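Observations on chain architecture
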Amino acid sequence: MTATSGAAQSAHPERPGRSDGVCGEFTVFTKIKPGEADALREDLAAMASGASDEKNRGALRQIGTLHDARHVIFDDDTRFMFASVFDGSWDTYIDDFAKTVIGANFDRIFSHSEGFPGISDPGVKDWFVAHQAPATSFVSSYPDLTVQQIWKDQRVDDAFQDVLDTPEFRAALDNPANAELVGTPAFQKLLEEASA
């Protein structure tokens, strides 16, 4: 594993943030505008309730680089944290979000933060950099897998599991003509992994 911590350099030295393999972290801390914590909380709740709707899931699939994201209001409703894990370059990550419905979500959520210029403002990246704090340590459980690879692995596993459950597959395993293939270490490993 190639986790970064301490004095290790980012894979994207032009931007703050640590990386581990293909995964990068993005953590932003902002000051909430006075009196807007409840409005921010409401917007976060609305966003969370719509997170699984087709439009938002479609945008996340279109972007295809976001592993996870979280929002936290803290310090007696005076500060806000957004943290995420993504694949690829920092600049592309910000650009991709601005081009989808997720950009409107960013605008709504960060509008409660002091000085936020808007996701389509040319200075938004500088604003994020000014409010970003790199993790002291960042480790991914799967540093070599992009979101796209994980989705593909899931699709392949689903399809393979469907094949395993068919009587035709059981018959193929029992067919003496396939004994040489079935007996190979690679095939046996495949069956072991499928049953785990």
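Higher on the page you've got the structure.
Computed from a predicted model, the values in this text were never measured in an experiment.

Two orientations exist for strands paired in a sheet by backbone hydrogen bonds: parallel and antiparallel. Ordered by their spatial adjacency, four strands build an open sheet running β2-β3-β5-β4, and the pairing between neighbours is antiparallel. Either end of the sheet is taken by a strand with one partner, and the two such strands are β2 (19-20) and β4 (66-74). Of the strand pairs in this sheet, strand β3 (residues 23-31) and strand β5 (residues 79-87) are connected by nine bridges, and their pairing is antiparallel. Looking at β5, one finds that Cys 23 is bridged to Asp 87.

Our focus in this paragraph is the packing of aromatic side chains. Taken as a whole and assessed by the stated rule, the structure comprises 20 aromatic pairs. With a centroid separation of 6.0 Å and 70° between ring planes, the pair formed by Phe 26 and Trp 90 is classed as edge-to-face. You can see Phe 26 sitting in strand β3 and its partner Trp 90 sitting in helix α3 (residues 90-98), a full 64 residues away along the chain. One exposure class covers both Phe 26 and Trp 90, and it is buried. Taking 5.2 Å as the distance between ring centres and 25° as the angle between the ring planes, the aromatic pair formed by Phe 97 and Phe 106 counts as stacked. Residue Phe 97 is classed as buried on the basis of its relative accessible area of 3%. One aromatic cluster is present, built from ring pairs that chain together Phe 26, Phe 80, Phe 82, Phe 86, Trp 90, Tyr 93, Phe 97, Phe 106, Phe 110, Phe 116, Trp 127 and Phe 128. One residue, Arg 61, lies across the ring of Trp 151, its end atom 4.2 Å from the ring centre.

In terms of nonpolar packing, the biggest core is built from 26 residues, with Phe 26, Phe 80, Tyr 93, Phe 106, Phe 110 and Phe 128 touching the most fellow members. When contributions to this core are tallied by element, the ones reaching two or more residues are β3, α1 (37-50), α2 (54-63), β5, α3, α4 (101-110) and α5 (124-131). In this structure, Phe 106 is in contact with Phe 82, Phe 97, Ser 111, Phe 116, Ile 119 and Phe 128, ignoring residues within four places of it in sequence. Of all hydrophobic cores here, the second largest spans six residues; its members include Leu 164, Phe 169, Val 182 and Phe 187.

Conventions and cut-offs
Residues numbered from 1 in each chain as written. Predicted model: local features only at pLDDT ≥ 70, side-chain atom pairs only at ≥ 80, totals over all residues. Heavy atoms only, no water. Pairing = 2+ DSSP bridges. Helix = DSSP H or I, 4+ residues; strand = E, 2+ residues; numbered from the N terminus. Phe/Tyr/Trp six-rings, centres within 6.5 Å; stacked < 30°, edge-to-face > 60°. Buried < 20%, exposed > 50% of the residue type's maximum accessible area, 1.4 Å probe, protein only. Lys NZ or Arg CZ within 6 Å of the ring centre and 35° of its normal. Core = buried A, V, L, I, M, F, W, Y, C linked by side-chain atoms within 4.5 Å. Contact = heavy atoms within 4.5 Å.

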